[in-house]
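Each chain, written out:
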Amino acid sequence: MCIESESNRSRKARPLMKIGIIGAGNIGGNLTRRLSALGHDVSVANSRGPQTLKELAEETGATPVTVEEAARGAEVVVITIPVKAVPSLPSGILDGAADGVAVIDTNNYYPQQRDGRIAEIEDEGLTESRWTERRIGHPVIKAFNGTYAQDILDRPRAAGDPDRIALPVAGDDEAAKAKVRALIDELGFDTVDTGGIDDSWRQQPDTPVYGLRAGTEAVTKALAEASPERPATFRG
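Quantities reported herein were computed from a predicted structural model and do not represent experimental measurements.

*Asks:* Would you explain the packing of aromatic side chains in this entry?
*Replies:* The geometry of an aromatic ring pair is captured by two quantities: the separation of the ring centres and the angle between the planes. Counted according to the given criterion, the structure contains one aromatic pair. With a centroid separation of 6.0 Å and an interplanar angle of 45 degrees, the aromatic rings of Y110 and F234 are classed as tilted. Residue Y110 is found in the loop between β5 (102–105) and α3 (111–115), and its partner F234 is found in the segment after α8 (216–224); the two are separated by 124 residues along the sequence. Classification of F234 by relative accessible area gives buried; the value is 11%. One residue, R213, lies across the ring of Y148, its end atom 4.1 Å from the ring centre.

Structural data, given as structure tokens:
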């Protein structure tokens, strides 16, 4: 397992990117707001169609699109929908994305509360994000899954600020992970590398880091203290 801090790294000007967001709930909506405000070219989609995103588009300047169009040309794609909805994503959803696209998975598996029992996760021991990778046919970076949506708007801080909070980030594709960590830094948060997707159980629901508002040292400690056993409240 690799757990390393990216705190105190100097911020540098970064090129603006085309970003597609699939899901316009609390996390997706607030990422649309912040990433648009930072100047990125954001397209946002939901299951109900672009006509239902008119207010968000007018507020942010983001482009409302269909789910099929969300990844077109995107350098980063955020999938932020219920786990049970992932298999319903269109086949080839990422076919039109830019080369080297980084896919962020913000999802959590809530079998009792929302998603129903998924045998591959519970019987085979797949992490939630490994299961998502298999459904979409592309590596993902797990991030924002334990973040309070309002914190995306309210808690950004400059690098080095003692109140800056850190977010755990997991993934196998190191280049994509670096791109996502840089984007999170731009959003105003530090990051801690959880390791690969098979290590992402350390940031799943009910682990010590889940919902933790703390800096890199405390987040690193919480990740190390996690147990791989899925708690009863998060089993189907």
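Anyway, onward from the coordinates.
*Asks:* Would you mind going over the nonpolar core with me for this structure?
*Replies:* One recurring pattern in soluble globular proteins: nonpolar side chains tend to sit buried together. Counting 29 residues, the largest nonpolar core has I21, L31, L35, V76, F144, V180 and I184 as the members making the most contacts within it. Listing elements by their share of this core, those giving two or more residues are β1 (18–22), α1 (26–37), β2 (41–45), β4 (76–79), β5, α6 (149–154), β7 (166–171) and α7 (174–187). The element best represented in this core is α7, accounting for five residues. Sequence-distant contacts of F144, that is, excluding residues within four places in its chain, are made with I27, L31, I104, T106, I152, L167, I184 and L187. By size, the runner-up hydrophobic cluster in this structure holds 26 residues, among which are I81, V86, V101 and I197.

*Asks:* Sorry if this is basic, but what is going on with empty space enclosed by the protein here?
*Replies:* It is a probe the size of a water molecule, rolled over the atoms, that shows where empty space is left. Scanning the entire structure with this criterion turns up one cavity of 30 Å³ or more. Approximately 110 Å³ is the volume found for the largest cavity. Taken together, 15 residues make up the lining of the largest cavity; nearest its centre are G146, T147, L167, P168 and V209. For the lining of the largest cavity, the leading source of residues is β7, giving three residues. Residue composition of the lining of the largest cavity, by class: eight nonpolar, five polar and two charged.

*Asks:* Explanation requested: the sheet that holds β7 in the structure shown.
*Replies:* Hydrogen bonds between backbone groups are what pair the strands of a sheet, and the pairing can be parallel or antiparallel. Reading across from one edge, β3-β2-β1-β4-β5-β6-β7-β8 is the order of the eight strands in this open sheet, with mixed pairing throughout. In this open sheet, the two strands that pair with only one neighbour each are β3 (63–64) and β8 (190–195). As defined by bridge partners, β5 adjoins strand β6 (residues 141–142) across two bridges and the pair is classed as parallel. The residue of β6 that forms the bridge with D105 is K142. Its contacts with the sheet put α1 on β1, β2 and β4, and the angle it makes with β1 is roughly 165 degrees. Across the sheet, α8 is in contact with β7 and β8; its angle to β8 comes to roughly 20 degrees.

*Asks:* Mind showing me how you'd approach the layout of surface pockets here?
*Replies:* Counted as a void, the largest pocket has a volume near 380 Å³. Along the walls of the largest pocket sit 21 residues, with I27, T106, N108, Y110 and N145 positioned nearest its centre. Residue composition of the lining of the largest pocket, grouped by class: eight nonpolar, twelve polar and one charged. When its volume is computed, the second largest pocket comes out at roughly 250 Å³. Along the walls of the second largest pocket sit 19 residues, with W201, Q204, P228, E229 and R230 positioned nearest its centre.

*Asks:* Is there a simple way to think about the pairing of β7 in this case?
*Replies:* Regular strands have side chains that alternate between both faces of the sheet. Most of β7 sits out of view: six of its six residues are buried. The alternating pattern of β7 places A166, P168 and A170 and L167, V169 and G171 on opposite faces, both of which are buried. Where β6 and β7 come together, two bridges link them in antiparallel fashion. If you follow K142 over to β7, its bridge partner there is A170. Inspection of the sheet shows β7 paired to β8 by five bridges, in the parallel sense. Considered in β8, the bridge of A170 is made with G195. Since β7 and β8 lie parallel, the crossover through α7 that links them has a hand, and here it is right-handed.

*Asks:* Help me understand the packing of α1 against α7, please; the structure alone is not making it clear to me.
*Replies:* For any two helices packed against each other, one specifies the inter-axial angle together with the distance between the axes. Relative to each other, α1 and α7 sit at 80 degrees, their axes nearing to 10 Å. When the axis of α1 is compared with that of α7, the two are roughly perpendicular. Taking contact as the criterion, the partners of L31, R34 and L35 in α1 are, on α7, L183, E186 and L187. Grouping the amino acids of the contact of α1 with α7 by side-chain chemistry returns four nonpolar, no polar and two charged.

Definitions and limits used
Residues numbered from 1 in each chain as written. Predicted model: local features only at pLDDT ≥ 70, side-chain atom pairs only at ≥ 80, totals over all residues. Heavy atoms only, no water. Phe/Tyr/Trp six-rings, centres within 6.5 Å; stacked < 30°, edge-to-face > 60°. Helix = DSSP H or I, 4+ residues; strand = E, 2+ residues; numbered from the N terminus. Buried < 20%, exposed > 50% of the residue type's maximum accessible area, 1.4 Å probe, protein only. Lys NZ or Arg CZ within 6 Å of the ring centre and 35° of its normal. Core = buried A, V, L, I, M, F, W, Y, C linked by side-chain atoms within 4.5 Å. Contact = heavy atoms within 4.5 Å. 1 Å grid on protein atoms, 1.4 Å probe; cavity = no way out; pocket = protein on both sides within 12 Å on 5 of 7 lines; lining within 4 Å. Points joined across faces, edges and corners; volume = space filled by probe spheres on them. Nonpolar A, V, L, I, M, F, W, Y, C, P; charged D, E, K, R; others polar. Pairing = 2+ DSSP bridges. Axes fitted to C-alpha atoms, helices over the stretch in contact; angles between N-to-C directions. Right-handed = clockwise from strand over helix to strand, strands pointing away. Parallel < 35°, antiparallel > 145°, perpendicular 65-115°, else oblique.

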